[in-house]
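Structural features, examined
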Amino acid sequence: MLIRGTSRERSEPALTQLAKLTASETHRLDRAIVAISVNPALGSEVPGTLLRDYVDEIDGVRVIYYVTALGSITIVAYVEA
């Protein structure tokens, strides 16, 4: 399951994808997003980009994200089944 949360015009597809997540998948993804929001430097840097890559192998979640200068976080996430 790929989740994209970037700008308002792209939020509808993200909401559709989120609606398809099970309660367990939502919980796992929420845990990763909370961890990133508390510590945006948590993920490793993606070489040659401003992106960061956070992987939680226990929960089976991978989040690629970008932190803006104002502290907003743009997220693309993958939740393994």
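Nothing here was measured: the structure is a model prediction, and the numbers come from that model. (Residues numbered from 1 in each chain as written. Predicted model: local features only at pLDDT ≥ 70, side-chain atom pairs only at ≥ 80, totals over all residues. Heavy atoms only, no water.)

**A few points about a nonpolar patch on the surface**
Short version of the rule: In this scheme, patches are assembled from residues that exceed 30% relative accessible area and form no salt bridge. Like charges are connected within 9 Å, while nonpolar side chains (Val, Leu, Ile, Met, Phe, Trp, Tyr) are connected within 5 Å. Computed by Shrake-Rupley with a 1.4 Å probe, the accessible areas treat only the displayed protein chains as cover when residues are assessed. We define a salt bridge as a side-chain nitrogen of Lys or Arg found within 4 Å of a carboxyl oxygen belonging to Asp or Glu. The numbering of helices and of strands both runs from the N terminus, where a helix is a DSSP run of H or I of at least 4 residues and a strand a run of E of at least 2. Categorising residues by exposure relies on relative accessible area from a 1.4 Å probe, with only protein chains included: less than 20% of the type maximum marks a residue as buried, more than 50% marks it as exposed, and the intermediate range marks it as partly exposed.
A contiguous nonpolar surface patch, about 280 Å² in accessible area, is contributed by L50, L51 and Y66. Summarising the element assignment, Y66 is placed in strand 4 (residues 61–67). What makes Y66 partly exposed here is its relative accessible area of 31%.

**Let's talk about the nonpolar core**
So the rule is basically this: Nonpolar cores are built from buried Ala, Val, Leu, Ile, Met, Phe, Trp, Tyr and Cys residues. Side-chain atoms within 4.5 Å join them into one set.
Among the nonpolar cores identified, the biggest contains 11 residues, and these are L21, L29, A32, I36, Y54, V61, V63, Y65, I75, A77 and V79. Residue assignment for this core shows that the elements contributing at least two residues are helix 2 (23–38), strand 4 and strand 5 (73–79).

**Quick notes on the side chain of E25**
For clarity, the threshold we go by: For this count, His and the chain ends are skipped, Lys and Arg are scored as positive, and Asp and Glu as negative. Any pair of N or O atoms that falls within 3.5 Å is considered a polar contact. Within protein, one atom must be able to donate a hydrogen and the other to accept it, and sequence-neighbouring residues count only if both atoms are side-chain atoms.
Relative to the helices and strands, E25 is located in helix 2. Of the side chains bearing the opposite charge, R28 lies closest to the buried E25, which forms no salt bridge; the N-O distance is 5.1 Å. Within the structure, E25 has its side chain in polar contact with the backbone nitrogen of T22 (distance 2.9 Å).

**Concerning the environment of V67**
Let me state the cut-off plainly: Whether two residues are in contact is decided by their heavy atoms: any pair within 4.5 Å suffices.
Tracing the backbone shows V67 in strand 4. You can call V67 partly exposed: its relative accessible area is 27%. The sequence separation of V67 and P40 amounts to 27 residues, and the corresponding C-alpha distance is 7.1 Å. Once residues within four sequence positions are removed from consideration, V67 is found in contact with P40, S72 and I73.

**Side note on the pairing of strand 3 (residues 52–56)**
Inclusion rule: Paired strands are those between which DSSP finds at least two bridges.
In terms of burial, strand 3 is a largely internal element, 4 of the 5 residues being buried. Inspection of the sheet shows strand 2 (residues 44–45) paired to strand 3 by 2 bridges, in the antiparallel sense. Across the sheet, the residue bridging to S44 is D53, located in strand 3. Here strand 2 folds back onto strand 3 in antiparallel fashion, the turn holding 6 residues, of which G48 has a positive phi close to 80°. As judged from the 5 bridges shared by strand 3 and strand 4, these two strands associate in the antiparallel manner. Paired with D53 across the bridge in strand 4 is I64. Joining the antiparallel neighbours strand 3 and strand 4 is a turn of 4 residues, in which G60 adopts a positive phi near 70°.

**Description of the side chain of D59**
Turning to its location among the elements, D59 is positioned in the loop between strand 3 and strand 4. Reaching out from D59, the side chain makes a polar contact with the side chain of R31 at a distance of 2.9 Å.

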